[in-house]
Amino acid sequence: MKYRIRLIVSGLCVAIMGAGCASRGEPIKPEEVVLPSQYERSIGALEGISPLWWSHFGSRELERLIEEALALSPDLLSAAEKIEQAELSLKVAGASLFPSLGLLGSSGEKASAPKGSSQFDSSHASSASLSLSYELDLWGKIRASKRAAEATLKVNRYDYETIKLSLIAGVAEGYFRYIATQERLELARENLAIAERLLKIVQERYRQGAVSALDVSSQTSTLLSQKASLKSLELEERQYWSALAILTGQAPQGFALAGARLERVLIPRVEAGVPSDILRARPDVASALAQIEANEALVDVAYASLFPTFSLTGAGGVASESLLSLADPTSTLSLSLGVTQNLLDGGKLRYALLAEQSKARVALESYKKTILVALKEVEDALNAVYYGAEREKIQEELIAQSKRSLGLAEIRYKEGLIDVSVLLDSQKTLFSAQDQGVQQRLTHLLALLSLHKALGGGWQKSE
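Along each chain, numbering runs from 1 in the same order as the chain's sequence is written. Whole-chain, interface and lining totals are the exception, using all residues; otherwise, since this is a predicted model, local features are given only for residues with pLDDT of at least 70 and side-chain atom pairs are given and counted only at 80 or more. The side-chain numbers reported here are obtained from all heavy atoms of the structure, hydrogens and water having been left aside.

J.: Quick question: what am I supposed to make of the overall build of the chain here?
T.: Helix and strand definitions follow DSSP, with helices as H or I runs of at least four residues and strands as E runs of at least two, each counted in order from the N terminus. Per the secondary structure count, the chain includes 9 helices and 4 strands. Counting from the amino terminus, the chain carries its helices and strands in the arrangement α-α-α-β-β-α-α-α-α-β-β-α-α. Here the open area of atoms and residues is found with the Shrake-Rupley method and a 1.4 Å probe, where only the protein chains shown may cover a residue. For the chain, the computed accessible surface area is about 26000 Å², with 57% contributed by carbon and sulfur atoms.

J.: Mind showing me how you'd approach the UniProt feature "coiled-coil region" (unreviewed entry) in the chain here?
T.: Under the feature "coiled-coil region" (unreviewed entry), the UniProt entry names residues 178–205. Helix and strand shares over residues 178–205 are 100% and 0% respectively, and the end C-alpha atoms of the span are 41 Å apart. UniProt positions are given in the numbering used here, feature names are shortened, and annotations may be inferred rather than shown by experiment.

J.: What is the right way to read the nonpolar core from this model?
T.: Generally speaking, a soluble globular protein has its nonpolar side chains buried in company with each other. What is meant by a nonpolar core is a set of buried Ala, Val, Leu, Ile, Met, Phe, Trp, Tyr and Cys residues, joined one to another through side-chain atoms within 4.5 Å. Burial here depends on accessible area, computed with a 1.4 Å probe over protein chains only, as a share of the maximum for the residue type. Under 20% is buried, over 50% is exposed, and the range in between is partly exposed. Within the largest apolar cluster, 62 residues are counted, with the highest numbers of intra-cluster contacts made by Phe57, Phe176 and Val378. Secondary-structure elements contributing two or more residues to this core are helix H2 (60–72), helix H4 (141–207), helix H5 (213–247), helix H7 (283–304), helix H8 (348–414) and helix H9 (420–454). The greatest single-element share of this core, amounting to 12 residues, is contributed by H8. Ignoring any residue separated from it by four or fewer positions in sequence, one finds Phe176 in contact with Phe57, Leu62, Leu262, Val265, Leu442, Leu445 and Leu449. Listed in part, the 23 residues of the second largest apolar core include Ala188, Leu198, Leu223 and Phe431. Contacts between residues were defined by any pair of non-hydrogen atoms, one from each residue, lying within 4.5 Å.

J.: What is the right way to look at the side chain of Gln357 in this model?
T.: If you trace the backbone, Gln357 turns up in helix H8. Leave out the neighbours within four places in its chain, and Gln357 touches Ser23, Arg24, Gly25 and Val299.

J.: Just checking my understanding: could you explain the pairing of strand S4 (residues 330–340) for this structure?
T.: Looking along a regular strand, one sees side chains alternate from face to face of the sheet. Little of S4 is tucked away, with 0 of its 11 residues classed as buried. Summarising the sheet, strand S3 (residues 309–320) and S4 pair through 11 bridges and their orientation is antiparallel. Across the sheet, residue Ala319 finds its bridge partner in S4, namely Thr330. By definition, two strands form a pair when at least two bridges between them are found by DSSP.

J.: Just checking my understanding: could you explain the packing of H5 against H9 for this structure?
T.: The description of two helices packed together rests on the angle between their axes and the distance between the axes. Contact pair H5 / H9: the axes reach a minimum separation of 10 Å and the direction vectors enclose 15 degrees. It follows that H5 is roughly parallel to H9 by the angle criterion. Handedness of the H5/H9 crossing: right-handed. On H9, the residues touching Asp215, Ser218, Gln219, Thr222 and Gln226 of H5 are Val420, Leu424, Gln427 and Lys428. In this classification, Asp, Glu, Lys and Arg are treated as charged, Ala, Val, Leu, Ile, Met, Phe, Trp, Tyr, Cys and Pro as nonpolar, and every other residue, Gly included, as polar. Per-class residue counts for the contact of H5 with H9 are 2 nonpolar, 5 polar and 2 charged. Helix axes are fitted to C-alpha atoms over the stretch in contact, other axes to C-alpha atoms as well, and angles between N-to-C directions run from 0 to 180 degrees. Should an angle lie under 35 degrees it is considered roughly parallel, over 145 roughly antiparallel, and from 65 to 115 roughly perpendicular; all remaining angles are considered oblique. Take the far helix as your reference; a near helix turned counterclockwise from it by less than a right angle gives a left-handed crossing, and one turned clockwise gives a right-handed crossing.

J.: How should I be thinking about the packing of aromatic side chains in this particular structure?
T.: Two descriptors summarise a pair of aromatic rings, namely the distance from one centre to the other and the angle between the planes of the rings. Side-chain rings of Phe, Tyr and Trp, where Trp is taken by its six-membered ring, are said to pair if the distance between their centres is within 6.5 Å; with planes under 30 degrees apart they count as stacked, over 60 as edge-to-face, and otherwise as tilted. Going through the model one piece at a time under the given rule, you end up with 7 aromatic pairs. Note on Tyr303 and Phe307: the rings are 5.5 Å apart at their centroids and 80 degrees apart in plane angle, and the pair reads as edge-to-face. Pairwise contacts between aromatic rings join Phe57, Tyr175 and Phe176 into one cluster. By definition, being over a ring means that NZ of Lys or CZ of Arg is both within 6 Å of the ring centre and within 35 degrees of the ring normal. Here the basic side chain of Arg238 rests over the ring of Trp241, its NZ or CZ set 4.0 Å away from the ring centre.

J.: Looking at this structure, I do not really get the pattern of salt bridges. What am I missing?
T.: Side-chain pairs of opposite charge can arise where the charged atoms are in close proximity. Each salt bridge in this description consists of a side-chain nitrogen of Lys or Arg and a carboxyl oxygen of Asp or Glu lying within 4 Å of one another. Counting across every chain of the model gives 24 salt bridges. A salt bridge links Arg184 to Glu236; its shortest N-O distance comes to 3.9 Å. Separated by 52 residues along the polypeptide, Arg184 in helix H4 and Glu236 in helix H5 bring together distant segments of the chain. Close ionic contact of Glu392 with Arg441 constitutes a salt bridge, the shortest N to O distance being 2.9 Å. Remark: Arg441 occurs in helix H9 and Glu392 occurs in helix H8; sequence separation between them is 49 residues.

J.: Help me understand the packing of H4 against H9 in this model?
T.: Two elements in contact, H4 and H9, have axes separated by 10 Å at closest approach and are oriented at 170 degrees. Put simply, H4 runs roughly antiparallel to H9. A breakdown of the residues in the contact of H4 with H9 according to their chemical character gives 19 nonpolar, 5 polar and 6 charged.

J.: How do you make sense of the environment of Lys200 when you look at a structure like this?
T.: By the element assignment, Lys200 lies in helix H4. What makes Lys200 exposed here is its relative accessible area of 59%. The spacing of Lys200 and Val216 is 16 residues in sequence and 9.1 Å in space, taken between C-alpha atoms.

J.: Please clarify how the side chain of Gln427 should be interpreted in this entry.
T.: Tracing the backbone through its elements, the reader meets Gln427 in helix H9. The exposure class of Gln427 is buried, given its relative accessible area of 1%. The contact partners of Gln427, leaving out residues within four places of it in the chain, are Asn191, Ile194, Ala195, Leu198, Gln219, Thr222, Gln226 and Leu406.

J.: Help me understand a nonpolar patch on the surface in this model?
T.: Patches here are clusters of residues that have more than 30% relative accessible area and form no salt bridge, with a 9 Å joining cutoff for like charges and a 5 Å cutoff for nonpolar side chains (Val, Leu, Ile, Met, Phe, Trp, Tyr). Where nonpolar side chains cluster on the molecular surface, the patch consists of Leu101, Leu103, Leu130 and Leu132 and spans about 440 Å² of accessible area. If you list the elements that add at least two residues to the nonpolar patch, you get strand S1 (100–112) and strand S2 (121–136). The topology assignment puts Leu103 in strand S1.

Here it is as structure tokens:
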């Protein structure tokens, strides 16, 4: 007996020493990521971004759509459920730090016959017992599992904020594209009316013998081309309308939009702050950092798994030779220490440790990439806002000049001073300038949306 005990103890000592030879590895240090000191385009105070930043565009309908999306979007509701699941997983991990108590009760009758006899003897037995078990967390495995669950909960919370930000920006982008298409449709209808009026002028001059049939054919072709463009824009409008319905968690059938003019949408001022603000301003960066914490905790779990598991078990109960009764019971009480150690597993536990260490390194590289992508998105958005505003100013001047040119061309054509080709060119130039003006305004607004999203949309890391 003593030999067996010495053999077990020796095996445990060898296992502990072997586990100690496995390296835990150096902890990941994400703070070593180097950030630039400033952006190329702009520096400013990040505190100016409001948590309700979309309200600064001055559109009540946009605010309503975003409220509906936040309440009904399946993507956001699904992300909220993942948070709930992570919270429950954390409670499960935390519960492992406490003892578990169990109750067992039984009562029954047993019949048996001696060998060679046909007579059965019956016996009765009833018992009830309480068992208490507790795993000693000597190596920190259970505490590390809890830390991993806490970090995973943070990952899910930050992912929820990332999805929420993307949803808000997506609704705003869809709405801006919808009203821009509405405005382009309005311009297309106005220009169609101009083309029809010009066709009448050309036809009248043709009847007077002042122009050829080629002039009539050219203006007719222009009119048909504009009708075709109008149909394409009408299809585009319906597609944006149905996409907005889905984003807000509603069916397209019965979904209503009032629409507005792009020129009534306000242009909010946004400052980018300094690049280090990205670390606290974007939920996806915070999520990537929390993922590192989770992977580091899982490395600790895998390392602690190399060592023996110690558990205390206590049990107490009563038993009786009566059926469904504990009269004249016999009491029992036991206390034991259990030790479990895997002595031979083909290196499975060590390989599991190496795999978790690799995952932690991958999480660090993913964190670095997330920061780099965030910096690029901010820089791109800053440039898009700056150049978008400049192009919009130039386009406004071009529209004004095109209107004057078309007016003069109409007068001169009626007087017979120019041919129809000049008039058609002036008409096409104005239509294109106006259409591009709407698109330039839309591009400017979308750039502002991208900048808000790239800066975290006013979300701030609280930890």
